[in-house]
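Listed here are the chains, written in short residue letters.
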Amino acid sequence: MTLTDPMQALVELHAGNRRFVTGAQRHPNQDSRHRAAVADGQHPFAVIVGCSDSRLAAEIIFDRGLGDLFVVRTAGHTAGPEVLGSVEYAVSVLGTPLVVVLGHDSCGAVQAARDAARTGTSPVGHLRAVVDAVAPSLRRAAEQGVDDIDEIVDIHIAHTVEALLGNSAVLAGAVAAGRCAVVGMSYRLTAGEVRTVAAGGSAAAPAQADRAAAVAG
């Protein structure tokens, strides 16, 4: 599958998630024939910048297969230079038309950052880098009077969308040109559903993202 339109890519993701939620998975592009077909090149239709949580396997929850998704995962979907470079590679070299920041409810990274802020302590080792990356989202939540962990997660997803666009001129340029869109989604661990919580670029305005979900469903 080669998709170049951001909205078409978004519709395809929502359709796959709906199949996963309803138990009607097709498990596309997972056979030996397709494995051989993509061995010489890849044309993923979406970049997934997701949390490393073991319950957030993108190819499973979107019912996709080999070559469909370009997946970059870190705890709390934090976006450092290596993540930005990976996204830029997918967008500028592979021509991927959609970037999705994928978070989830009850995020452990967000909870760890909140616990550190409340106790005034810092975690040991490199976990501190994750906590520090989430801290701006916690401050934004506090400014808005938000204390619920899942609402903070939504704020953090939106913050990551903004960070990707603000820190990558390559990505921002692709969005401005209409070649790409950036969408923030939150996954519900129990229900298995994704919902849009943020969007960047005219091709993926929030209302359009919601309509895409309705079309896919």
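What counts and what doesn't
- Residues numbered from 1 in each chain as written.
- Predicted model: local features only at pLDDT ≥ 70, side-chain atom pairs only at ≥ 80, totals over all residues.
- Heavy atoms only, no water.
- Axes fitted to C-alpha atoms, helices over the stretch in contact; angles between N-to-C directions.
- Helix = DSSP H or I, 4+ residues; strand = E, 2+ residues; numbered from the N terminus.
- Parallel < 35°, antiparallel > 145°, perpendicular 65-115°, else oblique.
- Left-handed = near helix turned anticlockwise from the far one by under 90°.
- Contact = heavy atoms within 4.5 Å.
- Nonpolar A, V, L, I, M, F, W, Y, C, P; charged D, E, K, R; others polar.
- Buried < 20%, exposed > 50% of the residue type's maximum accessible area, 1.4 Å probe, protein only.
- Pairing = 2+ DSSP bridges.

**Focus: the packing of helix α6 (residues 127–143) against helix α7 (residues 149–167)**
Here α6 crosses α7 at 120°, and the two axes come no closer than 9 Å. When the axes of α6 and α7 are compared, the pair comes out oblique. By crossing handedness, the relation of α6 to α7 is classed as right-handed. Here α6 contributes Ala133, Val134, Pro136, Ser137, Leu138, Arg140 and Ala141 to the contact with α7, which in turn contributes Ile152, Ile155, His156, His159 and Glu162. For the contact of α6 with α7, the class distribution of residues is 7 nonpolar, 3 polar and 2 charged.

**Observations regarding the pairing of strand β4 (residues 181–187)**
Burial analysis of β4 places 7 of its 7 residues in the buried class, the great majority of the element. Residues Ala181, Val183, Met185 and Tyr187 of β4 are buried on one face, and the alternating residues Val182, Gly184 and Ser186, pointing to the opposite face, are buried as well. Bridge count for strand β3 (residues 98–104) against β4 is 7 bridges, and the pairing is parallel. In the strand pairing of β4, valine 100 is matched with valine 183.

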